[in-house]
Every structure is written in C-alpha cells, then in structure tokens.
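# Report on the structure
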Amino acid sequence: MADELLDIVNDEDIVIGQEMRSTVHQLGLQHRGVHVFLFTSDGKMLVQQRSADRAASPSMLDCSISEHVKAGESYLDAAMRGMREEMGVDGIEIKPLVKFKMNYGVNDNEISTLYEGIVDASKVKFDPVEIEQIAYYGLDEIK
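Read on for an overview of the structure. (Residues numbered from 1 in each chain as written. Predicted model: local features only at pLDDT ≥ 70, side-chain atom pairs only at ≥ 80, totals over all residues. Heavy atoms only, no water.)

## A word on the overall build of the protein
Helix and strand counts for the protein stand at three helices and nine strands. Starting at the N terminus, the α and β elements of the protein follow one another as β-β-α-β-β-β-β-α-β-β-β-α. A globule of 143 residues ought to have a C-alpha radius of gyration of about 15 Å, and the protein, at 15 Å, matches this closely. Its C-alpha atoms give the protein principal-axis dimensions of roughly 40 × 30 × 30 Å. A total of 143 residues make up the protein; the buried ones form 42% of that total. Contacts spanning at least 24 positions in sequence make up 56% of the contacts within the protein whose residues lie at least 6 apart. Summing over all exposed atoms, the protein offers an accessible surface of approximately 7,800 Å²; the carbon and sulfur share of this is 53%. Of the charged side chains in the protein, 14 are positive and 26 negative, and the gap between their average positions amounts to 3 Å. (Helix = DSSP H or I, 4+ residues; strand = E, 2+ residues; numbered from the N terminus. Rg over C-alpha atoms; globule rule 2.2 N^0.38 Å. Buried < 20%, exposed > 50% of the residue type's maximum accessible area, 1.4 Å probe, protein only. Contact = heavy atoms within 4.5 Å. Areas by Shrake-Rupley, 256 points an atom, 1.4 Å probe, with all protein chains shown as cover. Lys, Arg positive; Asp, Glu negative; His and termini not counted. Charge placed at Lys NZ, Arg CZ, Asp CG, Glu CD.)

## What to know about the pattern of salt bridges
Any two side chains of opposite charge can pair, so long as their charged atoms come close to each other. Here the structure, examined in full by the defined rule, presents 11 salt bridges. A salt bridge links Glu-4 to Arg-21, with the shortest nitrogen-to-oxygen separation between them at 3.0 Å. Here Glu-4, found in the segment before strand E1 (5-9), pairs with Arg-21, found in helix H1 (residues 21-27); they are 17 residues apart in sequence, far enough to count as distant. Judged by its relative accessible area of 15%, Glu-4 falls in the buried class. The class of Arg-21 is buried, set by a relative accessible area of 17%. Notably, a salt bridge pairs Asp-13 with Lys-99, separated by 2.6 Å at the nearest N-O pair. Of the two residues, Asp-13 is situated in the loop between E1 and strand E2 (15-20) and Lys-99 in strand E7 (residues 94-103); the sequence distance between them amounts to 86 residues. (Salt bridge = Lys/Arg side-chain N within 4 Å of Asp/Glu carboxyl O.)

## Some thoughts on helix H2 (residues 75-87)
In this model H2 runs 18 Å from its N-terminal to its C-terminal C-alpha over 13 residues, within 8% of the 18 Å that 1.5 Å per residue would give. For H2, the set of buried residues is Tyr-75, Ala-78, Ala-79, Arg-81, Gly-82, Met-83, Glu-86 and Met-87. Against the buried residues of H2 lie strand E3 (31-39), strand E4 (45-50), strand E6 (65-68), E7, strand E8 (109-118) and strand E9 (131-137). After H2 finishes, the residue Gly-88 shows a positive phi value of roughly 65 degrees. (Expected span 1.5 Å × (residues − 1).)

## Focus: unusual backbone geometry
One non-glycine residue, Asp-13, adopts positive backbone phi at about 65 degrees. Unlike most non-glycine residues, Asn-107 shows phi in positive territory, near 60 degrees. Here Asn-107 shows up in the loop between E7 and E8. Residue class for Asn-107 comes out partly exposed when judged on its relative accessible area of 29%.

## Quick look at the environment of Cys-63
Topologically, Cys-63 is positioned in the loop between strand E5 (61-62) and E6. Overall, Cys-63 belongs to the buried group, its relative accessible area being 10%. Along the chain, Cys-63 and Gln-49 lie 14 residues apart, while their C-alpha atoms are 8.7 Å from each other. Leave out the neighbours within four places in its chain, and Cys-63 touches His-35, Val-36, Phe-37, Met-45, Leu-46 and Gln-48.

## Quick look at the side chain of Gln-30
For Gln-30, the position within the fold is in the loop between H1 and E3. The class of Gln-30 is buried, set by a relative accessible area of 13%. Among the polar contacts made by the side chain of Gln-30, one reaches the side chain of Asp-11 at a distance of 3.2 Å. Beyond its immediate sequence surroundings of up to four residues, Gln-30 is in contact with Asp-7, Ile-8, Val-9, Asn-10, Asp-11, Lys-101, Asn-109 and Ile-111. (Polar contact = N/O pair within 3.5 Å; in protein donor to acceptor, adjacent residues only side chain to side chain.)

Structure below.
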C-alpha cells in the first residue's frame with residue numbers, strides 16, 4: 001500500500017501535525033479514520049473479508065468500509081472516497097452515527113467517525129486487491 005500523508009490529532013480531534021502513514025503507525029501517533037456500515041434495503045449488512053495480502057489484519061472480516069482520513073480531508077470525504085475505492089459505489093447518502101476513540105492494535109490509535117447508509121447490492125464492485133470477498137448478513141447472524 002502506498003504511503004500517504006495523515007493529520008495527527010490530539011484528544012480533542014484538533015490537528016497538531018502531519019506525518020506519513022508509515023511513521024504514524026511506527027510511532028503510534030493518534031490520527032483519523034472512518035468506518036461505514038452499508039445495509040441493503042432489507043437490512044443486511046455488507047461485510048468484507050480483507051485480502052490475505054493486507055499488512056494489517058489480513059483475511060479478517062471487517063465492516064463495509066474502513067479508511068484512514070488523509071491530511072486535510074474531512075471524515076465525510078474520506079467515507080465517500082472509501083465507498084468509491086473499496087466498493088465501487090458512488091452517490092450513497094450516509095449519515096454519521098458516532099465519533100469514537102479506539103486503539104486498533106499496536107501503535108494504531110485513531111479517532112474515528114462511523115457512518116451508515118443503504119447500498120444497492122447489484123452496484124457493488126469491490127476492489128479485489130484489498131478485499132478477498134464480500135457477503136451480506138442480518139444483524140442476528142453478525143451477533
């Protein structure tokens with residue numbers, strides 16, 4: 001994966017600097033991320049299985065979209081970019097659900113915003129480089 005410039009943020013989510021993604025993760029600097037839960041009209045959630053070639057959490061199940069927020073990018077813009085890049089879908093209306101702080105693993109500290117939206121499954125064309133496969137599950141199956 002190509003290195004990218006990320007904003008470094010404090011606990012109040014205020015930008016205090018910028019570093020390349022590799023340095024951010026090497027030093028454990030707090031940065032921004034987004035996640036999107038995409039549901040079909042009948043309430044099934046799109047879940048992705050990450051590619052075996054991914055550096056972080058290879059072959060693991062993940063939510064519909066997970067992205068780093070690039071330097072100068074808004075949470076919403078990163079979510080929209082992620083839907084285009086990971087699932088090949090555009091123009092989906094999403095709404096923010098919650099902003100939270102989380103440690104995703106060694107040196108991976110994020111403040112993230114979670115969004116949700118409705119997707120037409122027939123329009124999804126996932127990126128086979130980043131994603132092994134996708135499936136749709138009811139919330140009872142996910143639990």
